[in-house]
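Here are the chains, one letter per residue:
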Amino acid sequence: MREVLDDLVAAMAAGHTVGLGTVVRTFRSAPRPAGAAMMVDADGSAVGSVSGGCVEGALYELATKVVESGKPVLQRYGISDDAAFEVGLTCGGILDIFVEPVSTENFPELAQVADDVGAGRPVAIVTVIEHPDPAWLGRHLVVRPEGFVGSLGSERADHAVSDDVQGLLAAGRNATLMYGPDGQRRGEGMRVFALSFAPQPRMLVFGAIDFAAAVAKQGTFLGYRVTVCDARAVFATAARFPQADEVVVEWPHRYLQAQIAAGQVDERTVICVLTHDPKFDVPLLELALRHNVAYVGAMGSRRTHHDRLERLREAGLSEAELARLSSPIGLDLGSRTPEETAVSIAAEIIALHWGGGGGRLSTMEARIHHEPTVEADHEDAGYELKPG
């Protein structure tokens, strides 16, 4: 939807009611991800794409009818490989597209959403795409890290959905979520689509070792844009780290300094130092611990950790700065393999972000979903979740 947002807001400001089609679910080899959108303005012009040209013609007609009737429609294109050509999806994929009339009357909050997106502030739009009561269809909730505005239809639904969407917004992901008609977490009947506008957070993995490959895979799974960096060109290769978004050959502290100077490191960035070599990790940690990032973890034994702390103290770091260091890295899961260790590191990052204690939920009576302990946000393709 990002690609049509400015045109959409401009048309609404001109007093137009616009037909907006948004991909809310995809299956198989669908040509565009969830969140892709196309709008049809009152003057007949169309902006955006939902399928790269496969079903735009049919969607144009449907959007025009939706504006005339004022009633939103959830339409599926591409039922099967055999029928795909007939309905327009020659790739054999399946798209669920929610088509709705949008105007300043039914979505006055959209202009502020556009301002947030332009300023790089995290924000998500939630839309009811299925409900047994047709009056709920097309209702919107705008979710930000600090709260929400608008309503889906009831206070219970608003709070349940906004709570779950906070997690999606923190990961920069789009998703369809299912609830009971009044927002019951274990019910069925209401389906909403959450569209997040937030850049992906970064995971910087320093040290091109086997553990780094596993950590990079976990980072990608969690929604981070992952960079693996090492000064040794023979080890820092794309072939060794297929899950990473980029592999960089550079001295770790030099790379981090350059990224900070370029504004590419922020309070959502997580840094995993796996080098456990003083000539690499001490200057790197000296820099990382003095910058506002979400997480800094360093691998090594307890002996290595104590030696590292002394070296960092000699470099002038304060005790408060040293207290930000997670070392030895990860939670106590009894991990042994690189993959298990990567899970423990990912678990620590999640726990520190959301304020979890890392204990077993079966032994606790506290609230399962925590509030974030640090500012976070991140954009991705859609999938379906049923909160439990």
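Cut-offs and rules
Residues numbered from 1 in each chain as written. Predicted model: local features only at pLDDT ≥ 70, side-chain atom pairs only at ≥ 80, totals over all residues. Heavy atoms only, no water. Helix = DSSP H or I, 4+ residues; strand = E, 2+ residues; numbered from the N terminus. Buried < 20%, exposed > 50% of the residue type's maximum accessible area, 1.4 Å probe, protein only. Areas by Shrake-Rupley, 256 points an atom, 1.4 Å probe, with all protein chains shown as cover. Polar contact = N/O pair within 3.5 Å; in protein donor to acceptor, adjacent residues only side chain to side chain. Core = buried A, V, L, I, M, F, W, Y, C linked by side-chain atoms within 4.5 Å. Contact = heavy atoms within 4.5 Å. Pairing = 2+ DSSP bridges. 1 Å grid on protein atoms, 1.4 Å probe; cavity = no way out; pocket = protein on both sides within 12 Å on 5 of 7 lines; lining within 4 Å. Points joined across faces, edges and corners; volume = space filled by probe spheres on them. Nonpolar A, V, L, I, M, F, W, Y, C, P; charged D, E, K, R; others polar. Salt bridge = Lys/Arg side-chain N within 4 Å of Asp/Glu carboxyl O. Axes fitted to C-alpha atoms, helices over the stretch in contact; angles between N-to-C directions.

**Thoughts on the overall build of the protein chain**
Moving on, step 1. Across its full length, the protein chain carries 11 helices and 17 strands.
Moving on, step 2. Here the protein chain, with 388 residues, has 47% of them falling under the buried criterion.
Moving on, step 3. For the protein chain, the exposed surface amounts to about 17,700 Å²; the carbon and sulfur share of it is 51%.

**What about the environment of Asp163?**
Moving on, step 1. Position of Asp163 relative to the elements: it lies in helix H5 (residues 155–171).
Moving on, step 2. Polar side-chain contacts of Asp163 include one of 3.3 Å to the side chain of Arg185.

**Considering the nonpolar core**
Moving on, step 1. Core analysis: the largest hydrophobic core is formed by 26 residues, its most contacted members being Met1, Leu8, Leu20, Leu110, Val113 and Phe197.
Moving on, step 2. Looking at this core, the elements that each hand over two or more residues are helix H1 (5–13), strand S1 (18–27), strand S2 (37–40), strand S5 (94–102), helix H4 (110–119), strand S6 (123–130) and strand S10 (190–197).
Moving on, step 3. Those residues within four positions of Phe197 in sequence are excluded, and the remaining contacts are Met1, Arg2, Val113, Val117, Arg121, Pro122, Val123, Ile125 and Leu169.

**Re the pairing of strand S8 (residues 147–150)**
Moving on, step 1. Alignment of strand S7 (residues 140–144) against S8, held across four bridges, turns out to be antiparallel. Bridged to Leu141 within S8 is Gly150.
Moving on, step 2. Remark: two residues form the turn of the hairpin made by S7 and S8, two consecutive strands paired antiparallel.

**Some points on the side chain of Glu100**
Moving on, step 1. With respect to the element layout, Glu100 can be found in strand S5.
Moving on, step 2. One polar contact links Glu100 to His140, side chain to side chain, over a distance of 2.9 Å.
Moving on, step 3. Residues in contact with Glu100, not counting those within four places in the same chain, are Val18, Gly19, Leu20, Val66, Pro72, Thr127, Gly138 and His140.

**Some thoughts on the layout of surface pockets**
Moving on, step 1. The volume enclosed by the second largest pocket comes to roughly 320 Å³.
Moving on, step 2. If you trace the second largest pocket, you find 14 residues lining it, with Pro328, Ile329, Gly330, Leu331 and Ser344 closest to the centre.
Moving on, step 3. Looking at side-chain class alone, the lining of the second largest pocket contains six nonpolar, six polar and two charged residues.

**Considerations on empty space enclosed by the protein**
Moving on, step 1. There is about 120 Å³ of room inside the largest cavity.
Moving on, step 2. In terms of lining, the largest cavity is formed by 16 residues, of which the most central are Met1, Thr22, Glu100, Ile125 and Thr127.
Moving on, step 3. Among the elements of the structure, S1, S5, S6 and S10 are those that each provide at least two residues to the lining of the largest cavity.
Moving on, step 4. Here the residues of the lining of the largest cavity are counted per class, giving 12 nonpolar, three polar and one charged.

**Considerations on the pattern of salt bridges**
Moving on, step 1. One pass over the structure, following the stated rule, counts 18 salt bridges.
Moving on, step 2. The shortest N-O distance in the salt bridge between Arg185 and Asp163 comes to 3.3 Å. Remark: Asp163 occurs in helix H5 and Arg185 occurs in the loop between strand S9 (175–179) and S10; sequence separation between them is 22 residues.
Moving on, step 3. On the basis of relative accessible area, Arg185 is assigned to the partly exposed category, the value being 24%.
Moving on, step 4. Under the relative-accessibility criterion, Asp163 is labelled buried at 18%.

**Observations concerning the sheet that holds S1**
Moving on, step 1. Judged by pairing direction, the sheet is antiparallel, and its five strands sit side by side in the order S3-S2-S1-S5-S4 without closing on themselves. In the strand order of this sheet, the two ends are held by strand S3 (46–48) and strand S4 (73–77), each with one partner. The sheet shows a mean angle of 20° between the axes of neighbouring strands, direction not considered.
Moving on, step 2. Pairing of S1 with S2 involves four bridges; the strand directions are antiparallel.

**Observations concerning the sheet that holds strand S13 (residues 246–249)**
Moving on, step 1. A sheet is described by the order of its strands in space; here six strands give the open sequence S13-S12-S11-S14-S15-S16, paired in parallel fashion. Unpaired on one side and paired on the other, S13 and strand S16 (325–326) mark the two borders of the sheet.
Moving on, step 2. As judged from the five bridges shared by strand S11 (residues 202–206) and strand S12 (residues 225–230), these two strands associate in the parallel manner. In the sheet register, Met203 faces S12, and the bridge partner there is Val226.
Moving on, step 3. The strands touched by helix H11 (residues 338–354) within the sheet are S11, strand S14 (270–273), strand S15 (295–298) and S16, with S15 carrying the most contacts at an inclination of about 150°.

Bear in mind that shape data such as this cannot, by itself, settle questions of function.
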